[in-house]
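Now for the letters of each chain:
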Amino acid sequence: MAEVATNEETSNTVEEPLDLVRLSLDERILVKMRNDRELRGRLHAYDQHLNMVLGDVEETITTVEIDDETFEELYKTSKRQIPMLYVRGDGVILVSPPLRVGGV
Amino acid sequence: MADLDSVLAYTANLMSDIDKKLMIVLKDGRTLIGFLRSVDQFANLVLQDTIERIHVGKQYGDIPRGLFVIRGDNVAILGEMDDKKDLTQLQKVSIEDILDAQREQLQRRDEETKLRNQAMLERGLQPHGDVGSEDTL
Amino acid sequence: MLFFSFFKSLVGKEVIVELKNDLSVCGILHSVDQYLNIKLVDISVPDTEKYPHMISVKNCFIRGSVVRYVHLPAEEIDVQLLQDATRKEVAQLKSQQTAQVAAPSK
């Protein structure tokens, strides 16, 4: 089947942005989200909207609070672990393919 | 007319709620309660005998609003009311009282946000999130 | 259609839907449609202090566009199957694009 052959040919090349996401399947990736959220997790599924399913996720939320008296900004990060998470694509800012060094 | 199956595919979800008393949360955070009389494939709604319910802390108040057609994309949640789940932990107050409480709450939030945004701007940070952003979608 | 099918396979399971306004709703997945609107039954809201209006609701319809996350039951999900389905869907989409380029008359 010609169709299959084409798929084989393109399976390891990067022609369009989402090809890079395809190559990250079953790898741990970093997803930066709106509202100062970051996700690190294993990519199990995605579609053209960047809806995703991630496994063993660590979410990091960064908040800035201003101290009432000193006007110092206090950066706070809170983390939580989520075993399996569906992420709606419209909140995604960027996807960073496998981080190999330092561990994720 | 589009074929019936495809229309039903995305309205089937709401058709079963017709004539029930529903709570609708709009994207801007407002809460309406009324009887669902009609829906279409865009989730546009007709609500009859609608009230707007305002919650501030443990208090709430109801404002009669009447008949509504709501454009579907303003809707965040539709909930089926269960009268068995009681509201005894909440206290019903008059319209005037709840509006006063709401105004106070908004002012407080507004001031907090202003203060934070100002401080952030002074430090070259991009403020984000407007007043009441935690309620809006 | 990947996620539509995926969510259909999770009907009857318990999930937590987290909205963009930080409200989390826990419930049994009752149905889903092509826009990924979600219907939950037997819901509970962990933070009723902050969201008192949800106390008297038992079932609800959540518009897909207001969803941020859905927390899924990890033990119910075959990740290998999911990855294969993703590859298949992507390949299918690509071959459709190629077909359109090859026959631009339409």
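Here, every reference points to the structure presented above.
Anyway, here's the lowdown on the structure attached to this text. (Residues numbered from 1 in each chain as written. Chains lettered and ligands numbered in written order. Predicted model: local features only at pLDDT ≥ 70, side-chain atom pairs only at ≥ 80, totals over all residues. Heavy atoms only, no water.)

### Describing the packing of aromatic side chains
Line of reasoning, step 1. Counting across every chain of the model gives 4 aromatic pairs over all chains.
Line of reasoning, step 2. Aromatic rings pair up to connect Tyr86 of chain A together with Phe3, Phe6 and Phe7 of chain C into one cluster.
Line of reasoning, step 3. A cation over a ring is seen here: Lys8 of chain C above Phe4 of chain C, with NZ or CZ 4.2 Å from the ring centre. (Phe/Tyr/Trp six-rings, centres within 6.5 Å; stacked < 30°, edge-to-face > 60°. Lys NZ or Arg CZ within 6 Å of the ring centre and 35° of its normal.)

### Describing the interface of chain B and chain C
Line of reasoning, step 1. Across the contact, 35 residues belong to chain B and 29 residues belong to chain C.
Line of reasoning, step 2. Around 2600 Å² of area is buried between chain B and chain C when both sides are counted, 56% of it from carbon and sulfur atoms.
Line of reasoning, step 3. At the surface where chain B touches chain C, the tally comes to 2 salt bridges.
Line of reasoning, step 4. A salt bridge links Glu80 of chain B to Lys58 of chain C; the nearest nitrogen and oxygen atoms lie 3.7 Å apart. (Contact = heavy atoms within 4.5 Å. Buried area = accessible area lost by both parts, 1.4 Å probe. Salt bridge = Lys/Arg side-chain N within 4 Å of Asp/Glu carboxyl O.)

### What about the pattern of salt bridges?
A side chain with one charge can pair with a side chain of the opposite charge if their charged atoms come near.
Residue and element names in this part refer to chain A.
Line of reasoning, step 1. Using the criterion set out here, one finds 26 salt bridges over all chains in the structure.
Line of reasoning, step 2. Of the charged contacts in the structure, one is a salt bridge between Lys79 and Glu58, with a shortest N-O distance of 3.8 Å. Highlighted residues: Lys79 in strand β4 (residues 73–87) and Glu58 in strand β3 (residues 52–66), separated in sequence by 21 residues.
Line of reasoning, step 3. Given a relative accessible area of 21%, Glu58 falls into the partly exposed group. (Helix = DSSP H or I, 4+ residues; strand = E, 2+ residues; numbered from the N terminus. Buried < 20%, exposed > 50% of the residue type's maximum accessible area, 1.4 Å probe, protein only.)

### Describing a negative patch on the surface
Line of reasoning, step 1. Residues Asp68 and Glu69 of chain A together with Asp110, Glu111 and Glu112 of chain B make up a contiguous surface patch of negative charge.
Line of reasoning, step 2. You can see Glu69 of chain A is positioned in the loop between β3 and β4.
Line of reasoning, step 3. On the basis of relative accessible area, Glu69 of chain A is assigned to the exposed category, the value being 72%. (Patch = residues over 30% accessible without salt bridge, like charges linked within 9 Å, V, L, I, M, F, W, Y side chains within 5 Å. Areas by Shrake-Rupley, 256 points an atom, 1.4 Å probe, with all protein chains shown as cover. Lys, Arg positive; Asp, Glu negative; His and termini not counted. Charge placed at Lys NZ, Arg CZ, Asp CG, Glu CD.)

### Topic: the interface of chain A and chain C
Line of reasoning, step 1. Tallying the contact residues gives 30 residues for chain A and 30 residues for chain C.
Line of reasoning, step 2. Here chain A and chain C share an interface that buries about 2600 Å² over both sides, 60% of which is from carbon and sulfur atoms.
Line of reasoning, step 3. Summed over the three residues of chain A that lose the most area to chain C, namely Met84, Tyr86 and Arg88 of chain A, the buried surface amounts to 27% of that side.
Line of reasoning, step 4. For the pair chain A and chain C, the number of links is 5 salt bridges.
Line of reasoning, step 5. One salt bridge connects Lys20 of chain C with Asp90 of chain A, and the closest N-O pair in it is separated by 2.6 Å.
Line of reasoning, step 6. Looking at the side of chain A that touches chain C, the elements that each hand over two or more residues are α1 (2–10), α2 (17–22), β2 (37–46), β3 and β4 of chain A.
Line of reasoning, step 7. No other element matches β4 of chain A, which puts 7 residues into the side of chain A that touches chain C.
Line of reasoning, step 8. Partitioned by chemical class, the residues of the side of chain A that touches chain C number 14 nonpolar, 4 polar and 12 charged.
Line of reasoning, step 9. Pairing geometry for β4 of chain A and strand β5 (residues 67–71) of chain C, over 3 bridges, is antiparallel. (Nonpolar A, V, L, I, M, F, W, Y, C, P; charged D, E, K, R; others polar. Pairing = 2+ DSSP bridges.)

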